[in-house]
Amino acid sequence: MPDIFPVFALLFAGIAALLFFAPERRILNFVDYGDAEAVRRLNRYAAPRMLVPAVVNVGCAVTAHLHPALSPPLVFLTPLSVLCVVVWVGLGAGRMHRPR
């Protein structure tokens, strides 16, 4: 089971890279993008935040390598980190759409 954490870390790092280097693609399905400029701006906003689950999974990989018995409880950190990032990006998207 410890081998799954590096795979998740690469997956989330790839998603972050895709959001950053292809900002015109509508990848995030939980936000209302609006116009084309909002797509670029929101994807560039979400890209560094998607590195949070990648970093969490790198930490889990190191911990699971050092202490294999902790692998099952560490699995719960992946969806928790993704949920936190979804809320963070969702709140940021709401702030981007409000008039100043």
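Please refer to the structure higher up on the page.
I will try to describe carefully the structure that is included in this document. Since the model is a prediction, treat every value here as computed from it, not as a measurement.

Together, Val58, Val62 and Leu66 make up a nonpolar patch on the protein surface, roughly 280 Å² of accessible area in all. Relative to the helices and strands, Val62 resides in helix α3 (residues 51–66). Since its relative accessible area comes to 48%, Val62 is described here as partly exposed.

This part takes up the packing of aromatic side chains. For the structure on display, the rule yields one aromatic pair. Between Arg49 and the ring centre of Tyr45, over which it is positioned, the NZ or CZ distance is 3.8 Å.

Right, let's talk about the nonpolar core for a bit. Counting residues in hydrophobic clusters, the biggest one holds nine residues: Phe12, Ala16, Leu19, Ala46, Ala47, Met50, Ala54, Val85 and Val89. Sort the elements by how many residues they give to this core and helix α1 (residues 4–21) lands first, with three residues. Core analysis: the next-biggest nonpolar cluster, separate from the first, contains five residues, Cys60, Ala61, Ala64 and Leu74 among them.

Attention shifts here to α1. For α1, built from 18 residues, the straight-helix expectation of 26 Å at 1.5 Å per residue is met to within 8% by its first-to-last C-alpha distance of 26 Å. When α1 is considered as a whole, its buried residues turn out to be Phe5, Ala9, Phe12, Ala16 and Leu19. When α1 is viewed along its axis, its buried side chains cluster within an angular range of 90° and face the same direction. Projecting away from the buried face of α1 at angles above 90 degrees are the exposed residues Leu10 and Phe21.

Quick look at the packing of α1 against α3 now. Relative to each other, α1 and α3 sit at 165°, their axes nearing to 8 Å. As the angle between them shows, α1 and α3 are arranged roughly antiparallel. Like other packed secondary-structure pairs, α1 and α3 cross with a definite hand, here left-handed. Contacts from Phe5, Pro6, Phe8, Ala9, Phe12, Ala13 and Ala16 in α1 reach Leu51, Pro53, Ala54, Asn57, Val58, Cys60, Ala61 and Ala64 in α3. A per-class count over the contact of α1 with α3 returns 14 nonpolar, one polar and no charged.

Quick notes on the rules
- Residues numbered from 1 in each chain as written.
- Predicted model: local features only at pLDDT ≥ 70, side-chain atom pairs only at ≥ 80, totals over all residues.
- Heavy atoms only, no water.
- Patch = residues over 30% accessible without salt bridge, like charges linked within 9 Å, V, L, I, M, F, W, Y side chains within 5 Å.
- Areas by Shrake-Rupley, 256 points an atom, 1.4 Å probe, with all protein chains shown as cover.
- Salt bridge = Lys/Arg side-chain N within 4 Å of Asp/Glu carboxyl O.
- Helix = DSSP H or I, 4+ residues; strand = E, 2+ residues; numbered from the N terminus.
- Buried < 20%, exposed > 50% of the residue type's maximum accessible area, 1.4 Å probe, protein only.
- Phe/Tyr/Trp six-rings, centres within 6.5 Å; stacked < 30°, edge-to-face > 60°.
- Lys NZ or Arg CZ within 6 Å of the ring centre and 35° of its normal.
- Core = buried A, V, L, I, M, F, W, Y, C linked by side-chain atoms within 4.5 Å.
- Expected span 1.5 Å × (residues − 1).
- Arc of directions from axis to C-beta.
- Axes fitted to C-alpha atoms, helices over the stretch in contact; angles between N-to-C directions.
- Parallel < 35°, antiparallel > 145°, perpendicular 65-115°, else oblique.
- Left-handed = near helix turned anticlockwise from the far one by under 90°.
- Contact = heavy atoms within 4.5 Å.
- Nonpolar A, V, L, I, M, F, W, Y, C, P; charged D, E, K, R; others polar.

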